[in-house]
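Spelled out, the chains give:
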Amino acid sequence: MNNPCISNMSANMAMLVVVICPSVVMATIANMSTPIMGWSTWNQLEGNFNADILLDVAKAMESSGLLKAGYNYINIDDEWGAEQRDSSGRIVPDVTKFPNGIKSLSDSLHSMGFKFGLYTARYNRTCSSKMPGSLGNEIVDAATFAEYGADFVKNDDCHVVYADAVQDYGAMNRAIALTNRSMLHNVKAPDLPYFKARDVCQLRRVGKDLKNDWEDLVRVFDTGVNDGFASLVGPGKNFFNDFDMMEIGNDAASPSGTPILTQTEQMAHFSLWAAMKSPLVLGNDPRKMSNETLAILLNEEVIAVNQDALATPVSLVSYHGSGSVTGSKTVTRECGSGQEQADYWTSTTTTTSNGESVVQIRNKLNGLCLTVWNCQNRWPWWISVSDCATNDNKVEGERCSASDQQRW
């Protein structure tokens, strides 16, 4: 067999030629065809967890049907590590939380069918300041996470000077690629231009942390739907925008004292995250879920939208009103194989006594109706979702009869 690293010399050559071939390093890149689904410690537990608690959460996800539905990531957020690196310069687990080490936990979770995630930050300390961050130690930390059996690395952005996201996150992304383990890289960075995100990660947070209230949820949605992020996502692109861990099932008010989401708002929350092709990462406590919470999280039709192989998020087609919360937004998306509009909606168009055109679109899955008054793409128009006023069975959608017609 010919070896390109060996130079054969003829007998009459007067000098020795030595060819030195560098070792070939194969990059390991994690691949996703659809957004990940799973659970993270932070929203409910913050740093109040240990190996036993995490295994109990995993068992609850298994017994409740969440694992079977696709929620297969268990991601540990901040405060899993010891305060200082060990004598070899590695991040090591907090022994009080993980007396048998992190690898023992990841092995147990993998044996149950879960994937396993760890947390770090692009600074010398994490956001809690209770454990080391990875800035300047990306190669050793990526190798350590791989040794611990991680499948996912969240890389946070606290304490930093916002200027070097491409450099900082790029260093970790390259370090992960040099390990022999496939690990997704999830980053959060206001200073990371959206068009650079795919160069340094596979999952990118679109904004600041989500709070447990409706106005903040709309803020996150507005950021993700308006800022060009959707152009990065699509079939074969191995990238998804992360709208943050969900607040569904979190029954306690947020730390700021703002009100919790109502049941209807939680349903909308789940649908919006699914439609935007965000990772569906739970932030509740799966050990203490209500039946209502579980019904939202196990909704097969909504999950199917998120996990559609077309991997295309909704895009904003019109906006009316003033302000994020009071304005009305209309979003659409292409459907993947087996997901046609007629499968989910029926519609009818009527005219009121004063001549207004009204389109009522009935959801065949839950029986609710989207009613659009005046059917115009300019103000005034109104959108309401309610119980259907009529039991419409018409399958084919119609155009509005008013001027400036809007297609459905």
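Just above, that's the structure.
Summarised in this report is the structure supplied together with it.

## Topic: the pairing of strand 1 (residues 37-40)
Then step 1. A two-sided burial pattern is seen for strand 1, the buried positions comprising Met 37 and Trp 39 on one face and Gly 38 and Ser 40 on the other.
Then step 2. Two strands pair when backbone bridges link them, and strand 1 and strand 8 (residues 280-282) are joined in this way by three bridges, in the parallel orientation. Note that in strand 8 the partner of Trp 39 across the bridge is Leu 282.
Then step 3. In terms of strand pairing, strand 1 meets strand 2 (residues 73-75) through three bridges, oriented parallel. In the sheet register, Ser 40 faces strand 2, and the bridge partner there is Asn 75.

## Some points on the packing of aromatic side chains
Then step 1. According to the stated counting rule, one finds seven aromatic pairs in the structure shown.
Then step 2. Seen in terms of ring centroids, Tyr 73 and Phe 152 are 6.2 Å apart; in terms of plane orientation they differ by 65 degrees. Their pairing is edge-to-face. A residue pair is termed long-range when its members are at least 10 positions apart, and Tyr 73 in strand 2 and Phe 152 in strand 4 (residues 152-156) qualify at 79 residues.
Then step 3. The class of Phe 152 is buried, set by a relative accessible area of 5%.
Then step 4. Summarising the aromatic geometry, the rings of Tyr 194 and Phe 195 are spaced 5.6 Å apart at their centres and angled 80 degrees between planes, so their arrangement reads as edge-to-face.
Then step 5. You can call Tyr 194 partly exposed: its relative accessible area is 32%.
Then step 6. Judged by relative accessible area, Phe 195 falls into the exposed class, the value being 55%.
Then step 7. The ring of Phe 49 carries Lys 97 above its face, with NZ or CZ at 4.6 Å from the centroid.
Then step 8. Above the ring of Tyr 169, the side-chain terminus of Arg 122 is found at 5.0 Å from the ring centroid.

The rules behind these values
- Residues numbered from 1 in each chain as written.
- Predicted model: local features only at pLDDT ≥ 70, side-chain atom pairs only at ≥ 80, totals over all residues.
- Heavy atoms only, no water.
- Buried < 20%, exposed > 50% of the residue type's maximum accessible area, 1.4 Å probe, protein only.
- Helix = DSSP H or I, 4+ residues; strand = E, 2+ residues; numbered from the N terminus.
- Pairing = 2+ DSSP bridges.
- Phe/Tyr/Trp six-rings, centres within 6.5 Å; stacked < 30°, edge-to-face > 60°.
- Lys NZ or Arg CZ within 6 Å of the ring centre and 35° of its normal.

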